[in-house]
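# Fold and geometry: a report
Chain residues, written in single-letter form:
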Amino acid sequence: MEHTINGAYESARDNYARLNVDTDKVLELLGAQAISIQCWQGDDVRGFEKMDSSAASGGIQATGSYPGKARTIHELQQDLEKALTLIPGTHRINIHAMYGEFHDSVVDRDAIEKRHFQGWIDWARALGLGLDFNATLFRHPKADSGFTLSSKDPGIRRFWVEHVKQCRSIGAAIGKELSGFCIHDLWIPDGMKDTCIDKYGYRALLKRSLDDIYAVRYDDHLKDAVESKLFGIGSESFVAGSHEFYLGYAITHDIMVCLDMGHFHPTESIADKITAILQFSPGIMLHVSRGVRWDSDHVAVLDDQLRDVTQALVRAQALDRAHIALDYFDASINRISAWVIGARATLKALLYALLEPTDVLIKHETTGDYTARLALLEELKTLPFNTVWDRFCLLHNVPFENAWLNEVRHYEREVLLKRT
Ligand code: RNT
Ligand code: ZN
């Protein structure tokens, strides 16, 4: 098989070279792309707190009851390790505050400390992985009113401000300990089901809470992002942290916006926003997701939306300013396969974009030769893309084609189905 792939790759390399694309260089660039993998796909966004967890608020909902979900940190790490052996490249793991190591004690969100995450840090270091960390402002009794950082109750606000401050300091410590950086992304569920009158008031409170939170600045070990949303289940009429709100906040406070692919109108693509935002912001964060009819958080697949996003980044030469993270959760299929399918789809979308002769296309465009631009774009679609992908998998020692699925099936039989 290896021999066949290498043979096919030689000829694919020629194909692309004729169009001015250096596939070897592309494979190198792709190999340097780290994707942040969401731990919460492994346990249906539940976390390991010992509190009586209330319902996930803000419309975060994993549907399905596929057997074998991770019940402990150890199981979750074991599952992630399995997934990582099937995803080419070196990646990052994205965790949430509710995934701490709390053993049997009840540790409320405003009392979490770095030590609760030391296990994750040591695990990540041993595997050579970066770690991202997020505050958790949902699935908690103090979020049940539908408001957290923009709550009109000063006590509730203070509680959540403390939590986020604590999380940012833990994030900074993680970045430092792993001798790199850690991204702290803030998403809150705040909003209202029905007509909200005092939108201005809630947003003013949110701004005040953010000012308090971001007054503390960390060095490069911590990168901050804020994530907007259009609506959620229970916040259909009003979301305090809308796109305009956070865009304004991020740009005036030197932090990144996080664009989640499911958080906009269903016909709206985030791809076109990237090159606009990057004119004003040094970096951008993306949550790769697939909304079906709504922000349903389906597993990412190689579709036009995802390709539009990676093309926007590559064409703008902005890969090094972008932080790509996965954010979806599906409990109706094998959870490890969900990680693998989404991560491989994201890498394939990056590969597809990198295999484009951007210079040539821009030249056609600039000289007004739109005929040649369209013709070339069409030609590119049927070049032997899959051969370059196979070569990438081979180089990174992961199974190509669907061989990875056999490994997932084996793991399911041997490990997942034994969890009762
Ligand atoms: C919710 C946001 C948020 C979460 C994760 C768990 O709509 O997309 O990013 O999905 O933080
Ligand atoms: Zn998200």
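Below, the structure is looked at part by part. (Residues numbered from 1 in each chain as written. Chains lettered and ligands numbered in written order. Predicted model: local features only at pLDDT ≥ 70, side-chain atom pairs only at ≥ 80, totals over all residues. Heavy atoms only, no water.)

### Examining the packing of aromatic side chains
- As enumerated under the stated definition, the model contains twelve aromatic pairs in all.
- Ring geometry for Phe147 and Tyr202: centres 4.4 Å apart, planes at 15°, overall stacked. With Phe147 in the loop between β3 (130-134) and α5 (154-177) and Tyr202 in helix α6 (residues 199-214), this pair connects stretches of sequence that are 55 residues apart. By the burial criterion, Phe147 is buried, and Tyr202 matches it.
- Note on Tyr202 and Phe238: the rings are 6.1 Å apart at their centroids and 45° apart in plane angle, and the pair reads as tilted. Of the two residues, Tyr202 is situated in helix α6 and Phe238 in strand β7 (residues 238-239); the sequence distance between them amounts to 36 residues.
- Overall, Phe238 belongs to the buried group, its relative accessible area being 2%.
- Here the aromatic residues Phe102, Phe117 and Phe133 are joined through ring pairs into a cluster of three or more. (Phe/Tyr/Trp six-rings, centres within 6.5 Å; stacked < 30°, edge-to-face > 60°. Helix = DSSP H or I, 4+ residues; strand = E, 2+ residues; numbered from the N terminus. Buried < 20%, exposed > 50% of the residue type's maximum accessible area, 1.4 Å probe, protein only.)

### Considering helix α1 (residues 2-18)
- Its 17 residues place the ends of α1 25 Å apart at the C-alpha level, agreeing with the 24 Å of an ideal helix rising 1.5 Å per residue.
- Along α1, the positions that sit buried rather than exposed are Ile5, Tyr9, Ala12 and Tyr16. Looking down the long axis of α1, one finds its buried residues gathered within 70° of arc, a one-sided arrangement. For α1, the exposed residues set more than 90 degrees away from the buried face come down to His3 and Arg18.
- Downstream of α1 by a residue or two, Asn20 has a phi angle that is positive, lying close to 75°. (Expected span 1.5 Å × (residues − 1). Arc of directions from axis to C-beta.)

### What to know about unusual backbone geometry
- Positive phi, normally seen in glycine, also occurs at Asp297, with a value near 60°.
- Within the element layout of this structure, Asp297 appears in the loop between β9 (284-288) and α9 (304-315).
- On the basis of relative accessibility, which here comes to 5%, the residue Asp297 falls in the buried class.
- Of note, Gln317 is a non-glycine position whose phi angle comes to about 50°, a positive value.
- Relative to the helices and strands, Gln317 is located in the loop between α9 and β10 (322-326).

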